[in-house]
Amino acid sequence: MTAPFLSVRDLTVDFSTEDGVVHAVNGLSFDIEKGTTLGIVGESGSGKSVTNLAILGLHDPDFTSISGEIVLDGQELIGASRRELERLRGNKVAMIFQDPLTSLSPFHTVGRQIGETYRKHTGASRAKARQRAIEMLGRVGIPQPQSRVDDHPHQFSGGMRQRVMIAMALVCDPDLLIADEPTTALDVTVQAQILDLLRDLQEQTGTAIIMITHDLGVVTSAAHEVLVMYAGRAVERGTVREVLGSPRHPYTWGLLSSLPRLSAPVDVPLVPVRGTPPSLINVPPGCPFHPRCDYAALAGPGLCGQERPELSPHRGHGDACYLTPAQKRDIFLEKVKEHL
Amino acid sequence: MYRFLVRRILGAAMILLIISALTFFLFFAIPRDPAAFACGKLCTPETLEIVRRNLGIDEPVFLQYWHWLVGIFTGRDFTYGHCDAPCLGYSFVNQEPIFQALVDRFPTTLSLTFGAAVVFLLFGIGMGMIAAARQGRPADKIASSASLIGASMQIYFVGVLATWVLVDQLQIIERPSYTPLTENPLQWFYGLLLPWLVLSIIFTANYTRMTRSSMVEQLGEDYVRTARAKGMSARTVFLRFAWRGAMGPVITIFGVDLGVLLGGAIITEQTFSLHGIGELSIKAVINQDLPMLLGVILVAATAIVLFNIVVDAAYAFIDPRVRLS
Ligand SMILES: Nc1ncnc2c1ncn2[C@@H]1O[C@H](COP(=O)(O)OP(=O)(O)O)[C@@H](O)[C@H]1O
Ligand code: SF4
Ligand SMILES: [Mg+2]
């Protein structure tokens with residue numbers, strides 16, 4: 001069995017802050033294969049961005065301690081040198097961010113911003129880089145790339161700007177693309193277009209994609225596998241069909257029931273998961289979700305508050321919850337019925 | 001660009017008009033008699049009347065203002081004789097033509113401002129950049145404490161102290177004086193060196209802090225993270241991206257500071273006995289000398305509105321999102 005293209009093992013990211021140590025990511029593991037998309041979902045603050053910035057080595061080493069393993073195509077990234085990381089970023093691993101307006105430099109033309117990434121990693125001439133920028137703008141569906149190449153980001157619409165971001169991310173044909181909430185700042189029709197574009201580009205290039213989102217709808221339409229994160233840990237993992245079709249973790253149920261339903265009247269308010277995420281400075285012992293969980297008593301007296309449940313089984317559809325498989329199935333079916 | 005200039009210059013003229021009118025009417029709103037002041041202690045009602053006429057303050061205020069305004073463009077006849085355009089009138093105190101007085105004093109103020117600006121821009125922005133690049137490290141702490149100390153300095157105190165130490169005791173710097181640049185550039189430089197340094201201390205401190213905080217703010221922006229995420233080194237990010245965003249606020253403040261300084265660095269001029277616009281302002285206020293007051297206010301206001309236009313143009317140059325219109 002060959003090693004996965006990207007393998008993250010026991011990743012832990014701690015920030016030292018004035019208030020104490022923030023345990024933003026806590027023993028997280030996942031794999032991705034080339035040509036596939038992993039959706040990472042969870043409420044805001046669950047550690048999605050921190051995880052992915054760690055892959056790129058973008059945390060300030062003075063205030064961050066990172067442990068575990070991040071192996072990309074055989075290369076260990078934790079503890080890699082600054083030079084190695086700079087060579088990797090934008091080249092083998094690229095990232096696109098939530099807000100394309102603030103994420104692009106307002107001072108430089110899009111052509112220059114795309115071109116400089118290309119030049120940095122290939123040493124191409126200015127003229128060649130410009131040619132490449134035009135080509136990339138065309139590939140991401142920007143009309144008249146020849147003339148748009150000299151425009152500044154503020155001259156594009158939101159959706160077009162995100163296309164520019166994607167063009168910039170893909171200019172060096174990365175093997176892994178990390179998209180951190182790429183559609184959150186866009187309106188719904190544009191969201192769908194951007195997701196379509198990413199899927200098309202993935203088919204052409206075979207790049208692996210990590211799609212970070214708090215929107216299960218995005219996962220359904222864009223991902224092959226899903227990782228549900230809560231308080232810096234994975235609470236459920238599996239294929240989209242497994243996790244969304246027969247979810248096992250109470251937190252995943254909560255996320256699902258907060259989705260708008262087609263059958264429900266439009267004015268029914270969405271039900272967010274009850275309560276608030278735990279402090280990441282004093283993480284409660286046991287299952288991090290237990291203060292918000294309706295089923296903690298069901299799992300066994302005191303169990304959920306004492307020891308942390310591990311994600312199991314190790315492969316395939318796994319979840320970190322003490323409820324028995326039968327309980328999980330029954331409760332979920334019960335919930336489905338309620339909502340029909 | 002052309003339309004921007006025309007529009008802004010017209011706007012600036014409007015502002016100057018309003019400022020001069022306000023000065024004029026406020027001056028006369030306070031109940032006191034500049035003629036009695038000029039006439040002195042032994043003043044009979046008859047001489048007072050003559051003085052009034054000579055000063056031109058026997059007319060209604062708005063008429064006086066009108067004459068003053070028209071005089072700038074056409075020149076004016078006074079009892080003492082004709083005053084050529086641009087005529088800003090004569091001093092109430094010593095009958096000195098105002099325009100000539102301003103022309104005589106302006107090079108001193110210009111030299112003082114220009115030299116100090118070079119010093120504080122160089123050191124202020126330089127130190128601020130270094131502090132931002134070395135955030136939290138010793139260099140940052142030194143620069144930050146130095147700027148805190150610098151900002152709390154008083155010019156007259158530092159000026160007197162520096163003169164005593166550097167000029168009187170150690171004799172390594174010349175006693176401050178003004179020599180026109182065209183006359184003897186070297187003398188101009190040495191004569192103004194100490195005033196430049198002293199005047200720029202507080203500014204340097206402020207520009208250090210401003211540059212640092214502005215730079216730190218930019219370094220936290222999303223686009224900087226993007227640049228790092230595409231493989232740019234911290235150094236490239238610093239030099240190619242962040243400074244452009246950081247310079248906006250600095251330039252804005254610089255425009256204001258330059259304008260204010262050109263209106264006369266009053267304390268510095270007093271401390272070093274330099275005869276610039278600042279000295280004129282002090283005298284004008286003390287002597288209730290309306291024409292002189294109007295003159296110096298006009299210089300200061302012109303400088304400020306002018307640099308305001310320059311700043312806006314510079315902004316548009318740095319930041320493509322800003323459009324001149
Ligand atoms: N540089 C940092 N220093 C301290 N805490 C941080 C830092 N970056 C993120 N965090 C904290 O880590 C947690 C996870 O953040 P993040 O990964 O951004 O969440 P999200 O899942 O919404 O992307 C949050 O509580 C956030 O406040
Ligand atoms: S382990 Fe206990 S508290 Fe945690 S999700 Fe399962 S039932 Fe709820
Ligand atoms: Mg995030």
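Residues numbered from 1 in each chain as written. Chains lettered and ligands numbered in written order. Predicted model: local features only at pLDDT ≥ 70, side-chain atom pairs only at ≥ 80, totals over all residues. Heavy atoms only, no water.

An unreviewed UniProt entry annotates chain B as ABC transporter permease originating from Spongiactinospora gelatinilytica. The UniProt entry for chain B carries this comment under Subcellular location (unreviewed entry): "Cell membrane". On record in UniProt, under Sequence similarities (unreviewed entry), the comment for chain B is "Belongs to the binding-protein-dependent transport system permease family." (UniProt positions renumbered as here; feature names shortened; annotations may be inferred.)

In the nomenclature of an unreviewed UniProt entry, chain A corresponds to Peptide ABC transporter ATP-binding protein from the organism Spongiactinospora gelatinilytica. For the record of chain A, the UniProt heading Subcellular location (unreviewed entry) holds the text "Cell membrane".

1. Details of the site of ligand 1
Residue and element names in this part refer to chain A. The full set of residues close to ligand 1 is Phe-15, Thr-17, Ala-24, Glu-43, Ser-44, Gly-45, Ser-46, Gly-47, Lys-48, Ser-49, Val-50 and Leu-280. One of the side-chain nitrogen or oxygen atoms of Lys-48 is found 2.9 Å away from an oxygen atom of ligand 1. For the shell around ligand 1, the secondary-structure elements that each account for two or more residues are strand 1 (6–17) and helix 1 (48–55). Looking at the shell around ligand 1 residue by residue, the classes come out as four nonpolar, six polar and two charged. (Near = heavy atom within 4 Å. Polar contact = N/O pair within 3.5 Å; in protein donor to acceptor, adjacent residues only side chain to side chain. Helix = DSSP H or I, 4+ residues; strand = E, 2+ residues; numbered from the N terminus. Nonpolar A, V, L, I, M, F, W, Y, C, P; charged D, E, K, R; others polar.)

2. A look at the pattern of salt bridges
By the definition in use, this model includes 22 salt bridges over all chains. Of the charged contacts in the structure, one is a salt bridge between Arg-199 of chain A and Asp-196 of chain A, with a shortest N-O distance of 3.3 Å. Taken together, the residues Arg-199 of chain A and Asp-196 of chain A, both in helix 8 (residues 188–205) and three residues apart, mark about one turn of the helix. The salt bridge partner of Asp-140 of chain B is Arg-212 of chain B, with a shortest N-O separation of 2.7 Å. Linking Asp-140 of chain B in helix 6 (residues 138–151) with Arg-212 of chain B in helix 8 (residues 185–219), this pair joins segments that are 72 residues apart in sequence. (Salt bridge = Lys/Arg side-chain N within 4 Å of Asp/Glu carboxyl O.)

3. Notes on the UniProt feature "domain: ABC transmembrane type-1" (unreviewed entry) in chain B
Feature annotation in UniProt assigns "domain: ABC transmembrane type-1" (unreviewed entry) to the following positions: residues 106–315 of chain B. The straight-line gap between the two end C-alpha atoms of residues 106–315 of chain B is 28 Å; of that span, 81% is helix and 0% is strand.

4. Let's talk about the environment of Gly-126 of chain B
Residue and element names in this part refer to chain B. Note on placement: Gly-126 falls in helix 5 (residues 98–133). A relative accessible area of 27% places Gly-126 in the partly exposed class. Gly-126 sits 21 residues away from Ser-147 along the chain, and the two C-alpha atoms are 12 Å apart. (Buried < 20%, exposed > 50% of the residue type's maximum accessible area, 1.4 Å probe, protein only.)

5. Here's the deal with the packing of aromatic side chains
All names here are of chain B. Under the counting rule described, the total for this entry stands at 17 aromatic pairs over all chains. Measuring from centroid to centroid gives 6.2 Å for Phe-24 and Trp-68, while their planes differ by 55°, and the two rings are tilted. Of this pair, Phe-24 sits in helix 1 (residues 2–29) while Trp-68 sits in helix 4 (residues 61–74); the two residues are 44 residues apart in sequence, bridging distant segments of the chain. In this structure Phe-24 comes out as buried when scored by relative accessible area, which is 3%. Consider the rings of Phe-189 and Tyr-190, whose centres lie 5.7 Å apart with planes at 75°: the pair is edge-to-face. (Phe/Tyr/Trp six-rings, centres within 6.5 Å; stacked < 30°, edge-to-face > 60°.)

6. As for the state of the cysteines
Residue and element names in this part refer to chain B. This structure, assessed with the given rule, holds one disulfide over all chains. With a sulfur-sulfur separation of 2.1 Å, Cys-83 is cross-linked through a disulfide to Cys-87. Linking Cys-83 and Cys-87, the disulfide has an S-S dihedral of approximately 115° and is accordingly described as right-handed. You can call Cys-83 buried: its relative accessible area is 7%. Taking the relative accessible area as the measure of exposure, Cys-87 reaches 1% and is therefore buried. (Disulfide = S-S within 2.5 Å.)

7. Here we look at the sheet that holds strand 5 (residues 75–76) of chain A
Residue and element names in this part refer to chain A. If you walk across this open sheet you meet the four strands as 2-1-4-5, and the pairing is antiparallel. Two strands lie at the open edges of the sheet, namely strand 2 (20–32) and strand 5, each paired on one side alone. Where strand 1 lies against strand 4 (residues 64–72), eight bridges are found, and the strand directions are antiparallel. Across the sheet, residue Thr-12 finds its bridge partner in strand 4, namely Ser-67. (Pairing = 2+ DSSP bridges.)

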